[in-house]
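Remarks on the overall topology
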Amino acid sequence: MSAISQNVLRRAIPGGIMRTRSLSVAAAAAVLALVQPGIAAANGDPSTTVTFTVTTGALSLSVPASATLGSGAPGTTISAPIGACTVTDDRALLSASWTVTAAETDFANGQSTIPAAHATYSVGTVTTTGTITATTTNVTLTNSAQTVLTGSAGVGDNTASWDPTIAVNVPVSAIGGTYTGTLTQSVA
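So, how was this worked out
Residues numbered from 1 in each chain as written. Predicted model: local features only at pLDDT ≥ 70, side-chain atom pairs only at ≥ 80, totals over all residues. Heavy atoms only, no water. Helix = DSSP H or I, 4+ residues; strand = E, 2+ residues; numbered from the N terminus. Buried < 20%, exposed > 50% of the residue type's maximum accessible area, 1.4 Å probe, protein only. Areas by Shrake-Rupley, 256 points an atom, 1.4 Å probe, with all protein chains shown as cover. Pairing = 2+ DSSP bridges. Salt bridge = Lys/Arg side-chain N within 4 Å of Asp/Glu carboxyl O. 1 Å grid on protein atoms, 1.4 Å probe; cavity = no way out; pocket = protein on both sides within 12 Å on 5 of 7 lines; lining within 4 Å. Points joined across faces, edges and corners; volume = space filled by probe spheres on them. Nonpolar A, V, L, I, M, F, W, Y, C, P; charged D, E, K, R; others polar. Contact = heavy atoms within 4.5 Å. Polar contact = N/O pair within 3.5 Å; in protein donor to acceptor, adjacent residues only side chain to side chain.

**Side note on the overall build of the chain**
The secondary structure content of the chain amounts to 1 helix and 13 strands. Taken from the N to the C terminus, the helices and strands of the chain come in the order β-β-α-β-β-β-β-β-β-β-β-β-β-β. Out of the 188 residues in the chain, the part that is buried amounts to 23%. Carbon and sulfur atoms form 56% of the exposed surface of the chain, whose accessible area is close to 12,000 Å².

Listed below in structure tokens is the structure:
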């Protein structure tokens, strides 16, 4: 054995006899690693800094292009779900919040109108993905924007989907025909 590959320990034993014990360098290193946990790499080992970027997007709202509520006589209520509406929040924020509003024009049939205030907006069930708390508010529609859904306590990307019901209380004085109005929903 070479002097480089071993560490020789000598101990005197009574009677003048010397006992020799050898401990290999590899065994000494293994004992050192057990005694000093947490040593990940030797001082001369190379390291790599790893980075990446989490992309961000926009806050958006998708709604149906059109909806037909059905038909009914004067003095009745005509109502139906209008189709899926979805908020998509791809801003990847630490603390996300948003508000959905709805406004309705008066319903018109040529020269005859039914005011927007004869209609209600009921949000219904909201399905979410990601981390977001959705709070609904059912409203009587007007020509001015009103809050119908809020998202709060969001983290990262999230979505909220619902299928609102629009109900129109048709006045007893309504003139027969097809009435059209524009429901404007927005998110901010």
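**Quick word on the sheet that holds strand E12 (residues 165–169)**
Taken in spatial order, the 4 strands make up an open sheet running E4-E12-E8-E10, and their pairing is antiparallel. The open sheet has two free edges, formed respectively by strand E4 (77–81) and strand E10 (139–140), since each of these has just one partner strand.

**Some thoughts on the pattern of salt bridges**
For the structure shown, the criterion picks out 1 salt bridge. Where Arg91 meets Asp89, a salt bridge forms, and the shortest distance between an N and an O atom there is 2.8 Å. The class of Arg91 is partly exposed, set by a relative accessible area of 21%. Look at Asp89 and you get buried, because its relative accessible area is 0%.

**Observations concerning the layout of surface pockets**
When its volume is computed, the largest pocket comes out at roughly 760 Å³. The set of elements that each furnish at least two residues to the lining of the largest pocket consists of E12 and strand E13 (183–187). If you tally residues by element for the lining of the largest pocket, the top one is E13, at 3 residues. Residues that form the lining of the largest pocket fall into these classes: 18 nonpolar, 13 polar and 1 charged.

**Focus: the environment of Asn109**
Tracing the backbone shows Asn109 in strand E6 (residues 107–109). Distance in space between the C-alpha atoms of Asn109 and Thr180 is 6.7 Å, their sequence separation being 71 residues. Filtering out sequence-adjacent residues up to four positions away, Asn109 remains in contact with Ile175, Gly176, Gly177, Thr178 and Tyr179. Here the side chain of Asn109 touches Gly176 through a polar contact of 3.0 Å, landing on its backbone oxygen.

**Section: the environment of Leu93**
Position of Leu93 relative to the elements: it lies in strand E5 (residues 85–104). Relative accessible area serves as the criterion here: at 33%, Leu93 is assigned to the partly exposed category. Distance from Leu93 to Asp157, taken between C-alpha atoms, is 7.3 Å for residues 64 residues apart in sequence. In contact with Leu93, not counting residues within four places along its chain, are Gly154, Val155 and Gly156.

**A closer look at the pairing of strand E8 (residues 119–122)**
The alternating pattern of E8 places Ala119 and Tyr121 on a buried face, while none of Thr120 and Ser122, on the opposite face, is buried. Where E8 lies against E10, 2 bridges are found, and the strand directions are antiparallel. Its bridge partner being in E10, Tyr121 is matched across the sheet by Val139.

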